[in-house]
Amino acid sequence: MYPVYDFKHQVALVTGASSGMGLATAQAFAKAGAAVVLVDRSADRLSAATDGLTSAGHNAIGIVCDVADESQAKAAVERAVEEFGRLDMAYNNAGILGPMCEMSEETSEGYEQTQAVNLRGIWTFMKHELRQMKKQGSGAIVNCSSLGGLVGLPGRAAYHASKHGVIGLTKSAALDVAAQGIRVNAICPGCIDTPMGEEIDPAAMKEFLKDQPIGRMGKPDEVAAAVLWLCSPGASLIVGVALPVDGGFVAH
């Protein structure tokens, strides 16, 4: 059983919110009483995810956005504040796998796209989330890195570079605002049962799971539980961490 949080009268923003870990986290925020702003580039999936929350009686809006575009990110944060009056929590989750091949075979286009979504997409949203939270003097941000931000694996250079970057970005930003009532942290999910995970070759996934000591894939709601804890008063002294949520993968 997961802890129960009371986020009534608070506002949470989630990027990459139409499926997987993002959707599970948006749902968890809503069930805890928060108004939720769902952000995603897929209009159809975003509409379905948002309708699922509002039809269940939750307060939610959806915003279509390319996270790599700073002007769109700025507009999304401003829309959230216009709609709900404030921004208390954010989970910057949007990401892509990018090229899966030896580094020498990667294309510059694939590399640039991976960095644009996975790294610049965190920077664009966190920059404008922080501006609002500094006005309030409070807030909590969780950025989605990966176990790929903590280790290296073959055939994933562009992806791992972006996820290592997220951790550096998180730690630096956390130190910028720690004394201003704002906490910034990152999570590092391992092998999670999401649509993105389905893009990985099943044979490669089977080998990968041999190094996940828990012996199974993680569930999106297990990632959501970590995000909500980091945003809660229970994590009030947690600043600038990169928390593995990986069933023990990076422990050995």
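Summarised in this report is the structure supplied together with it. (Residues numbered from 1 in each chain as written. Predicted model: local features only at pLDDT ≥ 70, side-chain atom pairs only at ≥ 80, totals over all residues. Heavy atoms only, no water.)

### Quick word on the environment of A35
- For A35, the location among the structural elements is in strand 2 (residues 35-40).
- A residue is classified by how much of its surface remains accessible, and A35, at 7% relative accessible area, is buried.
- A C-alpha to C-alpha distance of 33 Å links A35 and R216, two positions 181 residues apart in sequence.
- Discounting chain neighbours no more than four positions away, the residues touching A35 are Q10, V11, A12, N59 and F84. (Helix = DSSP H or I, 4+ residues; strand = E, 2+ residues; numbered from the N terminus. Buried < 20%, exposed > 50% of the residue type's maximum accessible area, 1.4 Å probe, protein only. Contact = heavy atoms within 4.5 Å.)

### Remarks on the packing of aromatic side chains
- Overall, the coordinates contain two aromatic pairs when judged by the stated rule.
- Among the aromatic residues, ring-to-ring pairing joins Y5, F7 and F29 into one connected group.
- Above the ring of Y159, the side-chain terminus of R156 is found at 4.6 Å from the ring centroid. (Phe/Tyr/Trp six-rings, centres within 6.5 Å; stacked < 30°, edge-to-face > 60°. Lys NZ or Arg CZ within 6 Å of the ring centre and 35° of its normal.)

### Some remarks on the packing of helix 3 (residues 70-84) against helix 4 (residues 108-136)
- Axis separation between helix 3 and helix 4 bottoms out at 8 Å; the angle between their running directions is 35°. Relative to helix 4, the crossing made by helix 3 is right-handed. Along its contact with helix 3, which presents E70, A73, K74, A76, V77 and V81, the element helix 4 presents W123, T124, F125, K127, H128, E129 and Q132.
- Per-class residue counts for the contact of helix 3 with helix 4 are six nonpolar, three polar and four charged. (Axes fitted to C-alpha atoms, helices over the stretch in contact; angles between N-to-C directions. Left-handed = near helix turned anticlockwise from the far one by under 90°. Nonpolar A, V, L, I, M, F, W, Y, C, P; charged D, E, K, R; others polar.)

### Quick word on the pattern of salt bridges
- Going through the model one piece at a time under the given rule, you end up with seven salt bridges.
- Two residues, D6 and K8, come together in a salt bridge whose shortest N-O distance is 3.7 Å.
- Overall, D6 belongs to the exposed group, its relative accessible area being 54%.
- For K8, a relative accessible area of 52% puts it in the exposed group.
- Of the charged contacts, one joins R45 and D40 as a salt bridge, the two residues approaching to 4.0 Å between their closest N and O atoms.
- By relative accessible area, D40 is classed as buried at 8%. (Salt bridge = Lys/Arg side-chain N within 4 Å of Asp/Glu carboxyl O.)

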